[in-house]
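What follows is each chain in one-letter form.
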Amino acid sequence: MNAADAAPAVPFEDSRRLTGANQYFAGPGAVLDAPATVAFDAQAETRWRAQVAQLREALQWPDGASIVRRHAGGVSLAIAAPIDQLFTATEVNEYALYQALGRRAGAQSVDGEGQPPRPHPAHFDAGEALRRLQAAARAEANPGLLALLHAAAMHAIPARLDDEALSLGEGEASRLWPLPALPDPASVPWAQLHAIPKALVTGSNGKTTTVRLLAALLAATGRRVGYSCTDGVVVDGTRLAAGDYSGPAGARTVLRAAQAQAAVLETARGGLLRRGLAVDGAGAAIVTNVSEDHFGEYGIDSLADLAEVKLVVAKALGAHGVLVLNAADPTLVTQAPRTAGVRIGWFAHDLDVASAQGTLACGVQDGQLLLREDGETRDLGAIADMPLSLGGAARYNIENIAAAVLAAHALGVPAEVMAAELLRFGAEPLDNPGRLQRWRLGDVEVVLDYAHNPEGLRGLLDLATQWRGRRLGILLGHAGNRRDADYRAVAEVVAKAHPDRVWLKDIGGNYLRGRASGEVAGILRDSLHAHGLPLEALPVCLDETAAAREALAWAQPGDLLLLPVHEPSKREAVLALLNRLQAERWHSGQVLPDLPAQPTLPKDR
């Protein structure tokens with residue numbers, strides 16, 4: 001059997017539109033991922049590039065980038081394309097790959113983006129294939145949309161596009177039109193439209209905490225602030241949507257909210273890879289850190305790869321925007337030169353570490369949080385007095401504080417306003433729900449958090465060593481889209497803390513990602529046992545809410561329970577339970593009350 005015979009019927013695993021700036025180029029296009037089993041050698045690359053160039057000319061597209069990115073999982077092929085030709089661009093890219101490999105598609109193609117199955121152009125001879133691609137391009141073309149986008153650019157007005165609508169302007173100064181009813185550019189009230197101050201937050205850990213704090217710092221100036229994150233969309237204190245909205249849909253929801261006067265947008269790795277950015281013209285973009293997580297997806301195999309993806313947010317910055325980076329993260333320090341021409345603000349727990357990287361820096365010195373810019377230093381107060389720092393013990397929250405301060409400074413928040421808000425934020429449970437949230441239930445200490453990867457769990461367990469009482473219990477689970485080695489790394493971190501009991505759970509719903517229920521829990525359990533934990537200390541309770549209840553029922557006076565709960569609906573249920581227990585003065589050994597079932601919450605697109 002030769003290599004071509006051994007190759008899969010479809011020579012790519014994923015083919016998708018890139019609707020905004022992405023890791024390959026600064027605008028829209030399409031990308032496909034071909035597995036390592038496809039023999040895409042140098043000759044095939046030359047044929048693919050030639051085919052793409054021919055089709056660009058035949059379809060009368062402007063010149064654009066054609067990118068080949070080789071990685072351990074295979075190869076990714078990306079082509080820039082006009083914004084109103086992206087479905088066609090996916091077929092152009094696929095057709096060029098088929099031609100480069102000397103192969104023909106099957107009778108039907110299955111579109112992963114909701115389009116009906118139809119014969120792929122690569123099923124036909126070259127002449128018929130071109131006719132079909134030209135017909136697809138004509139059907140998809142939208143001259144009215146292009147005219148509006150051009151006019152918006154001329155007026156310096158931001159435009160936000162999705163599959164159903166176009167909005168011009170942002171927040172309180174925005175207007176929305178369905179794509180079938182776009183206005184003539186001359187009828188648009190351009191003078192009434194404008195951008196609002198906005199920031200993006202990405203990274204492996206601490207994103208949601210940083211989003212919430214930065215939103216609070218902006219709100220302290222009197223603005224109505226909207227933010228999107230893994231827990232939903234909130235505008236001016238009202239939650240408009242619940243669930244994971246850390247992708248493009250969440251960003252658009254905030255930027256189209258009529259009440260919003262400023263925006264803070266969590267920008268997760270998945271959305272950056274699947275669609276690219278939904279935003280431009282930002283005043284600040286934060287990368288909290290990069291740690292070993294999500295390897296093996298979309299050709300991301302190393303910390304350097306992950307940093308490349310996270311640093312895409314630099315492409316969202318406006319002319320005077322500031323990129324905020326972690327000076328204590330060696331990968332980000334190494335990769336920072338990729339963003340040449342962008343001003344960088346550096347943060348770290350230690351101000352000297354941050355200042356060593358640049359003249360705009362924030363960190364702690366002699367117990368004070370300091371903001372330093374071009375030799376001038378502003379004292380924002382004692383870090384131990386800031387509730388989010390937990391008396392100065394929560395090192396990673398201190399880094400989140402410093403990152404938010406730099407972004408707020410870039411967006412014009414005065415130092416005295418920040419200092420006052422930092423003394424308040426985190427004192428109330430609703431400031432940062434589900435993130436390092438503590439309850440004292442009689443004689444049992446309970447901490448609810450979102451820690452999920454080795455770095456996040458290490459930070460949580462480091463804190464636990466300071467609080468630990470008689471026994472330590474922890475919930476442990478993970479999403480299904482990780483390598484087995486990643487689960488073993490998580491288990492190793494937990495085992496080093498010598499917990500007395502670990503409940504193995506699923507992160508269910510959309511988070512199973514192709515794994516069977518209980519599969520991840522089994523890998524974690526086996527690994528924990530291999531590190532010396534007895535099997536009787538490793539119960540399996542796959543439902544997160546039920547596992548939290550089992551932990552509370554197990555607790556005895558003086559115990560510490562760490563409850564990393566990840567499914568949004570389950571986290572809501574556990575939050576409600578813990579708040580009720582606190583209100584009812586529950587203590588260990590008492591019966592736990594029942595709570596109503598929580599609805600399943602949506603995931604961002």
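Note that this is a predicted model, so its numbers are computed, not measured. (Residues numbered from 1 in each chain as written. Predicted model: local features only at pLDDT ≥ 70, side-chain atom pairs only at ≥ 80, totals over all residues. Heavy atoms only, no water.)

Draft legend 1. Molecular detail of the environment of T230. Mapped onto the secondary structure, T230 falls in the loop between β9 (225-229) and β10 (232-235). Since its relative accessible area comes to 9%, T230 is described here as buried. With 22 residues separating them along the chain, T230 and T208 place their C-alpha atoms 6.9 Å apart. In this structure, T230 is in contact with T208, G243, D244, Y245, S246, E266, R435, Y450, P568 and R571, ignoring residues within four places of it in sequence. (Helix = DSSP H or I, 4+ residues; strand = E, 2+ residues; numbered from the N terminus. Buried < 20%, exposed > 50% of the residue type's maximum accessible area, 1.4 Å probe, protein only. Contact = heavy atoms within 4.5 Å.)

Draft legend 2. Quick look at the sheet that holds β9. Strand order in this open sheet of eleven strands is β11-β10-β9-β12-β8-β13-β14-β15-β16-β17-β18, and the pairing throughout is mixed. Pairing within the sheet leaves two strands with one partner each, and these edge strands are β11 (238-242) and β18 (376-382). Here the average twist between neighbouring strands, direction ignored, is 15 degrees. Two strands pair when backbone bridges link them, and strand β16 (residues 360-365) and strand β17 (residues 368-373) are joined in this way by six bridges, in the antiparallel orientation. Bridged to A361 within β17 is R372. (Pairing = 2+ DSSP bridges. Axes fitted to C-alpha atoms, helices over the stretch in contact; angles between N-to-C directions.)

Draft legend 3. Up close: the pattern of salt bridges. On inspection of all chains with the given rule, the structure shows 38 salt bridges. Here R49 makes a salt bridge to E45, at a shortest N to O gap of 3.1 Å. Note that R49 and E45 are positioned in helix α2 (residues 42-59) at a spacing of four residues, about one turn of the helix. The class of R49 is partly exposed, set by a relative accessible area of 32%. (Salt bridge = Lys/Arg side-chain N within 4 Å of Asp/Glu carboxyl O.)

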